[in-house]
Amino acid sequence: MNDAVAKSKERPSVDKSIGVNYPKILLGVFAGVIFTFLVVPSVITVPMSFSNTRFLVFPPKGFTLTWYSQFLIDEEWVGPTLFSLKLAICTTLVSLILGFMASLALVRGSLPGRKFLNILFISPIMIPVIIIAFAVYGIYAKLNLIGSTVGLVLAHAIYTTPFVILVISANLYRFDITLEMAARNLGASAFKTYLFITLPVIKTGIITAGIFCFIMSFDELVLAMFLIGTKRLTLPIKMFSQLQFRIDPVVAAASTVFIMAAFAIILGLGFLRRERKAIVSKEKGNDSFEQ
Amino acid sequence: MKRESIRRYSYLQSFLLISPYLILLSIFYLYPLFNLFPESLFKDGNFTLEHYQHFFRIPLYSRILFRTIRISFMVTIFCFLLGYPVAYFLTEIKSQKIGSLFLACVLLPFWTSILVRTYSWVVLLQTNGLINNFLTFTGLIEKPLDLLYSEFAVIVGMVHVLLPFMILPIFSVLKNLDRNLIRAARNLGANYFWVFLMVIFPLSLPGVGAGAMFVFILALGFYITPAILGGPRTLMISTLIDQQINRLFNWDFAAAIAALLLIVTIVMIVAFNKIVGLDKIYSE
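A quick note: this is a predicted structure, and the numbers were derived from the prediction, not measured.

1. Focus: the overall build of chain A
Okay, so step 1: A tally of helices and strands in chain A yields 14 helices and 0 strands.
Okay, so step 2: The order of helices and strands in chain A, counted from the N terminus, is α-α-α-α-α-α-α-α-α-α-α-α-α-α.
Okay, so step 3: Taken across its 291 residues, chain A has 38% of its residues classed as buried.

2. Some thoughts on the interface of chain A and chain B
Okay, so step 1: Contacts between the two partners involve 76 residues from chain A and, on the opposite side, 81 residues from chain B.
Okay, so step 2: Among the elements that take part in the side of chain A that touches chain B, helix α2 (residues 22-43) of chain A stands out by supplying 12 residues, more than any other.
Okay, so step 3: Across the side of chain A that touches chain B, the residue classes tally to 59 nonpolar, 13 polar and 4 charged.

3. Let's talk about the confidence of the model for chain A
Residues and elements named next belong to chain A.
Okay, so step 1: Counting all residues, the mean pLDDT for chain A is 83, and 87% of those residues have values of 70 or more.
Okay, so step 2: Per-element confidence in chain A ranges from a low mean pLDDT of 46 for helix α1 (residues 2-7) to a high of 94 for helix α12 (residues 222-227).
Okay, so step 3: Note on residues 1-18: pLDDT under 50 across the span, and 13 contacts to partners over four residues away in sequence or across chains.
Okay, so step 4: In the predicted structure, residues 286-291 sits below a pLDDT of 50 and forms 4 contacts with residues beyond four places in sequence or in another chain.

4. Remarks on helix α6 (residues 114-122) of chain A
Residue and element names in this part refer to chain A.
Okay, so step 1: Burial in α6 covers these residues: L117, N118 and F121. Buried residues of α6 fall within an arc of 105° about the axis and therefore sit on the same side. Seen from the open side of α6, the exposed residues pointing more than 90 degrees away from its buried face are K115 and F116.

5. A closer look at the nonpolar core
Where a protein is soluble and globular, its nonpolar side chains tend to be buried together.
Okay, so step 1: Core analysis: the biggest nonpolar cluster contains 155 residues, and A:A133, A:F134, A:L223, A:L227, B:L162, B:I257 and B:A258 have the highest contact counts within it.
Okay, so step 2: With 16 residues, helix α7 (residues 151-175) of chain B is the single largest residue contributor to this core.
Okay, so step 3: Beyond its immediate chain neighbours, meaning those up to four positions away, A:A133 contacts A:V222, A:L223, A:F226 and A:L227.

6. Looking at unusual backbone geometry
Okay, so step 1: Phi is positive for A:N144, close to 60°, though the residue is something other than glycine.
Okay, so step 2: Considering the arrangement of structural elements, one finds A:N144 in the loop between α7 (129-143) and α8 (149-174).
Okay, so step 3: Even without being glycine, B:Y149 reaches a positive phi, approximately 55°.
Okay, so step 4: By the secondary structure assignment, B:Y149 is in the loop between α6 (130-137) and α7.
Okay, so step 5: Taking the number of C-beta atoms within 10 Å as the measure of exposure, B:Y149 has 18 and is therefore partly exposed.

7. Looking at the packing of helix α5 (residues 114-125) of chain B against α7(B)
Residue and element names in this part refer to chain B.
Okay, so step 1: At a closest axis distance of 11 Å, the pairing of α5 and α7 adopts a crossing angle of 140°. Here α5 is positioned oblique relative to α7, judged by the angle of their axes. Regarding α5 and α7, the two cross each other, and that crossing is right-handed. Residue-level inspection shows I114, R117, T118, W121 and L125 of α5 in contact with α7, the latter providing A153, V156, G157, H160 and V161.
Okay, so step 2: Residues belonging to the contact of α5 with α7 are distributed by class as follows: 6 nonpolar, 3 polar and 1 charged.

Rules behind the numbers
Each residue is numbered by its place in its chain's sequence as written, counting from 1. Working convention: letters from A go to chains and numbers from 1 go to ligands, in the order in which they are written. Where local features are concerned, this predicted model is filtered to residues with pLDDT of at least 70; where side-chain atom pairs are given and counted, the filter is 80 or more; whole-chain, interface and lining totals use all residues. In DSSP terms, a helix is any run of H or I states spanning at least four residues, a strand is any run of E spanning at least two, and both are numbered starting from the N terminus. Think of it as a crowd count around each C-beta: if 20 or more other C-beta atoms lie within 10 Å the residue is buried, if 12 or fewer it is exposed, and in between it is partly exposed, with C-beta placed from the backbone throughout. The contact criterion used here is simple: two residues whose C-beta atoms, placed from the backbone, lie within 7 Å are in contact. Note on residue categories: nonpolar means Ala, Val, Leu, Ile, Met, Phe, Trp, Tyr, Cys or Pro, charged means Asp, Glu, Lys or Arg, and polar means any other residue, Gly included. What pLDDT expresses is the predictor's confidence in each residue, scored from 0 to 100. Directions from the helix axis toward the C-beta atoms define the arc. We define the nonpolar core as any set of buried residues of the types Ala, Val, Leu, Ile, Met, Phe, Trp, Tyr and Cys, connected via C-beta atoms lying within 7 Å of each other. To obtain an axis, a line is fitted to C-alpha atoms, over the contacting stretch when the element is a helix, and the angle between two such axes runs from 0 to 180 degrees between their N-to-C directions. With respect to orientation, any angle under 35 degrees is reported as roughly parallel, any angle over 145 as roughly antiparallel, any angle of 65 to 115 as roughly perpendicular, and every other angle as oblique. The sense of a crossing depends on the near helix, which, turned anticlockwise from the far helix by less than a right angle, makes the crossing left-handed and, turned clockwise, makes it right-handed.

Listed below in structure tokens is the structure:
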């Protein structure tokens, strides 16, 4: 998304004729209010997680790290967290492979009924998840898949793969196919071409899709609630049941940990991108290397 | 253009590439979904419309259906009213850095758990929560309002979750608008207001359409937000289905409601596709 902003053309400003632009100021203020509205519920969990009260309160009172230690040490929380991580990683891998293959076929393949497939492949994110959960529960019960990790991974993959397909096919549409042709011309096998040309070029897309998948699976409540059986819990289920009991600050601590992790990932990716840009610009300086 | 020169895979290759996901969808998605219809239409092997009649006979259920549609509609309207200016504002930002910072604000909610965000609203809206305290402190109200467990709370929570889905498509259309059209209109003497009304807004309608359809469809099937912020008096269709399955064990009836909601959603998706062109979002 940042790339998209970066690409938007510089445009000459036509607005200099008026001294004070009241509509623009008003628009800015309004947008500020909405940004606050969007950000506040995520942000207030951070101070609330240090609150020295047994319930979530805002503004927080006192200071304690109890909730963090409970989240990071208590088996009641560690178990579901680790299981959710495992589930999200498996789902991401399955989903990336399925989604990458399907995107290749959709963008470069010759498929009858491609329009229909486009809609079918995106529909799992538009059909209410509770309907999918209920319907899948029926067939899982017959196939004895309730409570199995494989079953959960597959159900989550149904739900996350549409995003992978959207992101990767957008990348493939933009991909310059002559790069592949050049590689093949120079003697690379089809497999090597994928490995060393196609994948590196659409790497950003794959990473973005992977992150989306991971978050969606990690945060998914309804499918997991229906399909997990009785023996285990995922983190969202644990949070949901805990919160129905009382509005527990451990949930805020957990949320804060993951916001921090997300920030670390974003910063890391930004750093990587900058590094790569530096390398590319250096190469461009050395020889006239196109694309 | 370039796309025409792309080497196409053969039928067989393409089919092999999509088959894993297609098989997964067929067995664990399409088949179970279509199975909802026979499940809701047969009782002990005999065809019956009993469950559907039950749904429409009892006023409570029609009320829930009507409420779901009303709430989804209002959420869509609010998302448009709040989201459009923000999308417009985002395209007006000249500095790249500030622009991506604001865009990050729009995307930040995706990074936090929807459960956590919804409970943040519980904390903010409750009787002695921040909003009530602020309102009583400023003297705008005398007694704290019952904000939580109401349609108001559900709408606030849903708008909060769905707003990015409205902002992003509008932003993407506005950003790619041909700026020369605006300059031409200005040159021909139109002021900002008229340029917006006659040029910018009509051209941004595809984005508005896509955003609105997406928000409405997602809102129809919303579960977590109404379950937490709505309380028992503000049931929506999804929470009703959940109640029938997990509390009352009325599976056949739940299947009938699910089938109804499924039909409505599919009709909406088909309409979406006809009006906006769903496969357009693939090439963006």
